[in-house]
Amino acid sequence: MSSPAPAQAVHAWLDVTAGVAGDMLLGALVDAGADLDRVQAAVDAVVPRSVRLTRTEVNRGGQRSGKVEVDVLVDDPPHRTWASIRALLADADLAPITRQRALATFSLLADAEGFVHGIPPADVHFHEVGALDSIADVVGCCEALRLLGVGTVTASPLAVGAGRVRIAHGDIPVPVPAVAQLARDWPLVANPRRTGDDPRPVGELATPTGVALVRALAERCEDGPSFTLRTVGVGAGNKDFDGWPNVVRVLVGAPAGAPAAAQRGSAPALASAVDGDLEQAVQLEANVDDLDPRLWPGVLEALLSAGAMDAWLVPILMKKGRPAHTLCALAAADRADRIADVIFAQTSTIGIRQHAVARRVLARRSARVQVAGQDVTVKISHRSGRIVQATPEFDEVAALASTQGLPVADLHAEANAAVVRARLTAGAPLPTPEVSAGHGHDHPHDHGHGHGHSHDHGHAH
Ligand SMILES: O=C([S-])c1cc(C(=O)S)c[n+]([C@@H]2O[C@H](COP(=O)(O)O)[C@@H](O)[C@H]2O)c1
Ligand code: NI
């Protein structure tokens, strides 16, 4: 596998002047050439057999647009908190850059919803179907960007809409509260106008998931891109107006002189340039000798909630012989400011060291084995198509031991034996991934992400 660096020349500019929702951006990225089967595989890696993505084409205000339908295949999907989605993303068999971008997006979404509802971000919950919708949109967009080889992203000013929108909790004003939080410090543009005598306001043009994606992915706002344009993708949601196309556009290009690679259909070649096991990150550190030790678990949790990839403490002996701790947090470079904010806000340190690090991560995949008549997840880390390690999920084994009244150590030994019997041993070839069986029922819900319909899912709090 190669390092991510060569792909940095490919740039995407997101045109969100008509608003943005997660499915609209996904439609635009697939329209720009990202392979939908590979996008589906990434979503399956996070939530196996739960969501089916289908590509269609529609017309919006006279423009042909790509559209990705998100069908939820399970009957009673669970409510999920940001903490549980973070764990799913951390364990999934995703490319490092896809994981980083998806974690950053959900972290912003959880911060915004947490602020709006006055609760800690880790406790923000995503309603049943909406959790799967959001995972499909966020992971799908992040993987699609990777497949297109996109290293950097900018975006246009944003239209948020006007009026009110009906959600599960009642009638709320547009921009909806989470969007208002997420759009802070981002230029907004006047909403497109309905044509004719239609007096209704345009409604919700930007959804929380869509704006979280823009804010997590785009490094800054630009009125237009300055590059050699290679590919254009157009993506629609459900909402359709006379007189103006309700679409997100993605313009993919490269600085003049860069290789002409980002053309429709050439995405796989670019993808290999970012498909690597080296992740770029920053590490922030502070030595602290005067914090009440009871506060440390909360600090670590707050750092993970703010999007740190990892956070830990190292016991040290400081000057004057004082026992103390080094607080360490690892994060994507674009999260460093937020991580520093948390450290300054929640600890007594008045300084932070920060340095760039590269971390080498094994790709992961999961499988299942039978233990005491029940399925237990096995986390498989792999490299070049071979298993490096396969470990039964300890928490699942412990839960099973508790329900069956058996010693954890015995069931754990049994789980390890089942892993060996299933030939999930170091050096063995990688088993087939758990992919979408794909054939659930037609789901009654509308998965249009707030564009043009009343919405009672797809949201978090
Ligand atoms: O149900 C809740 S808590 C909810 C809160 C908010 C806030 O802005 S706060 C917004 N919504 C609406 O849910 C849909 C889906 O949005 P996605 O981002 O998941 O596509 C949309 O209409 C939001 O305005 C729900
Ligand atoms: Ni809600």
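This section reports on the structure supplied with the text. (Residues numbered from 1 in each chain as written. Chains lettered and ligands numbered in written order. Predicted model: local features only at pLDDT ≥ 70, side-chain atom pairs only at ≥ 80, totals over all residues. Heavy atoms only, no water.)

**Focus on the nonpolar core**
Stated formally: Residues enter a nonpolar core if they are buried and are Ala, Val, Leu, Ile, Met, Phe, Trp, Tyr or Cys, with the set joined through side-chain atoms within 4.5 Å. Each residue's exposure class comes from its accessible area (1.4 Å probe, protein chains only) as a fraction of the maximum for that residue type: buried when under 20%, exposed when over 50%, partly exposed otherwise. Note on contacts: a residue pair is in contact if any heavy atoms of the two residues lie within 4.5 Å.
Ranked by size, the top nonpolar core spans 77 residues in total, and within it Val20, Leu25, Leu53, Leu89, Phe106, Val139 and Leu158 carry the most contacts. Setting aside anything within four residues of it in sequence, one finds Leu25 in contact with Leu14, Val20, Cys141, Leu213, Leu217, Val248 and Val250. Ala302, Leu303, Ala306 and Ile339 belong to the second largest nonpolar core, which has 21 residues in total.

**With respect to the packing of aromatic side chains**
Our working rule: Each Phe, Tyr or Trp ring (for Trp, its six-membered ring) is paired with any other whose centre lies within 6.5 Å, and the angle between the two planes then decides the class: stacked below 30 degrees, edge-to-face above 60, tilted in between. By the criteria applied, helices consist of DSSP H or I runs no shorter than four residues and strands consist of E runs no shorter than two, each listed in order from the N terminus. In this scheme, Lys NZ or Arg CZ marks a charge over a ring once it lies within 6 Å of the ring centre and within 35 degrees of the ring normal.
A complete count under the given rule lists 3 aromatic pairs for this structure. Pairing Trp82 with Phe106 gives two aromatic rings, centres 6.4 Å apart and planes at 20°, and the pair type is stacked. Here Trp82 is found in helix α3 (residues 82-91), whereas its partner Phe106 is found in helix α4 (residues 96-117), with 24 residues between them in sequence. Like Phe106, Trp82 is buried. Ring pairing ties together the aromatic residues Trp82, Phe106 and Phe126, which thus form one cluster. When the ring centre of Trp82 is taken as reference, the NZ or CZ atom of Arg86 above it lies at 5.5 Å.

**Observations regarding the sheet that holds strand β19 (residues 386-392)**
What counts is decided by this rule: Two strands qualify as a pair provided that DSSP identifies no fewer than 2 bridges between them. Fitted lines through C-alpha atoms serve as axes, helices being fitted only where they are in contact, and the angles separating the N-to-C directions of these axes extend from 0 to 180 degrees.
The strand order β17-β18-β19 describes an open sheet built from 3 strands, whose pairing is antiparallel. The open sheet has two free edges, formed respectively by β17 (363-371) and β19, since each of these has just one partner strand. Pairwise comparison of adjacent strand axes, ignoring direction, gives a mean angle of 30° for this sheet. With 6 bridges connecting them, strand β18 (residues 374-383) and β19 associate as antiparallel partners. Of the residues in β19, the one forming a bridge with His382 is Ile387. Strand contacts of helix α11 (residues 394-404): β17, β18 and β19, with the helix running at about 165° to β18, the strand carrying the most contacts. Along the sheet, helix α12 (residues 408-421) contacts β17, β18 and β19; its crossing angle with β17, the most-contacted strand, is approximately 115°.

**A word on the side chain of Thr326**
Put simply, the rule reads: Here a polar contact means two N or O atoms within 3.5 Å. Within protein one must be a hydrogen donor candidate and the other an acceptor candidate, and residues neighboring in sequence count only if both atoms are side-chain atoms.
Assignment of secondary structure puts Thr326 in strand β15 (residues 322-331). On the accessibility criterion, Thr326 (9% relative accessible area) is buried. Side-chain polar atoms of Thr326 contact the side chain of Asn287, separated by 2.8 Å. For Thr326, the contacting residues outside a window of four places in its chain are Glu285, Ala286, Asn287, Trp312, Leu313, Val314, Ile316 and Arg353.

**Some remarks on the pairing of β18**
Pairing geometry for β17 and β18, over 9 bridges, is antiparallel. In the strand pairing of β18, Ala363 is matched with His382. Turn length for the β17-β18 hairpin, with the two strands adjacent in sequence and antiparallel, is 2 residues, and the turn residue Ala372 shows positive phi of about 50°. Taken together, β18 and the strand that follows it, β19, pair antiparallel across an intervening segment of 2 residues, in which Ser384 is found at a positive phi of about 50°.

**Notes on unusual backbone geometry**
Trans is the common state for peptide bonds, and a negative phi is the common state for residues other than glycine. The linkage connecting Val174 with the following residue, Pro175, adopts the cis geometry, with an omega of 0°. Within the element layout of this structure, Pro175 appears in the loop between β8 (170-174) and α6 (177-182). Although it is not a glycine, Asp185 sits at a positive phi angle of roughly 65°. The phi torsion at Ala372 lies on the positive side, around 50°, for a residue other than glycine. Structurally, Ala372 is set in the loop between β17 and β18. Of the residues examined, Ala372 reaches a relative accessible area of 28% and is grouped as partly exposed.

**Quick word on the side chain of Asn246**
With respect to the helices and strands, Asn246 occurs in the loop between β11 (228-236) and β12 (247-254). By relative accessible area, which is 0% here, Asn246 ends up buried. Engagement of the side chain of Asn246 in a polar contact is seen with the backbone oxygen of Lys239, the distance being 3.2 Å.

**Thoughts on the sheet that holds β8**
Ordered by their spatial adjacency, 3 strands build an open sheet running β8-β7-β9, and the pairing between neighbours is antiparallel. The open sheet has two free edges, formed respectively by β8 and β9 (203-204), since each of these has just one partner strand. Sheet analysis places strand β7 (residues 161-167) next to β8, joined by 5 bridges and oriented antiparallel. Counterpart to Ile167 in the pairing with β8 is Gly170.

**Structural notes on the pairing of strand β3 (residues 63-72)**
In terms of strand pairing, strand β2 (residues 51-60) meets β3 through 10 bridges, oriented antiparallel. Counterpart to Arg52 in the pairing with β3 is Asp71. Hairpin connection, β2 to β3: the antiparallel pair is bridged by 2 residues, and Gly61 has positive phi, about 55°.

**Side note on the pattern of salt bridges**
We apply this condition: A pairing counts as a salt bridge when a side-chain nitrogen of Lys or Arg comes within 4 Å of a carboxyl oxygen of Asp or Glu.
Applying the stated criterion across every chain yields a total of 17 salt bridges. The residue Arg338 makes a salt bridge to Asp111 at a minimum N-O spacing of 2.3 Å. Remark: Asp111 occurs in helix α4 and Arg338 occurs in helix α10 (residues 336-346); sequence separation between them is 227 residues. Here Arg338 falls in the partly exposed class, since its relative accessible area comes to 24%. Put simply, Glu222 and Arg220 hold a salt bridge, and the shortest N to O gap is 3.3 Å. In this structure Arg220 comes out as partly exposed when scored by relative accessible area, which is 41%. Each of Asp31, Arg55, Glu57 and Arg64 takes part in salt bridges that share partners, so that together they form one network.

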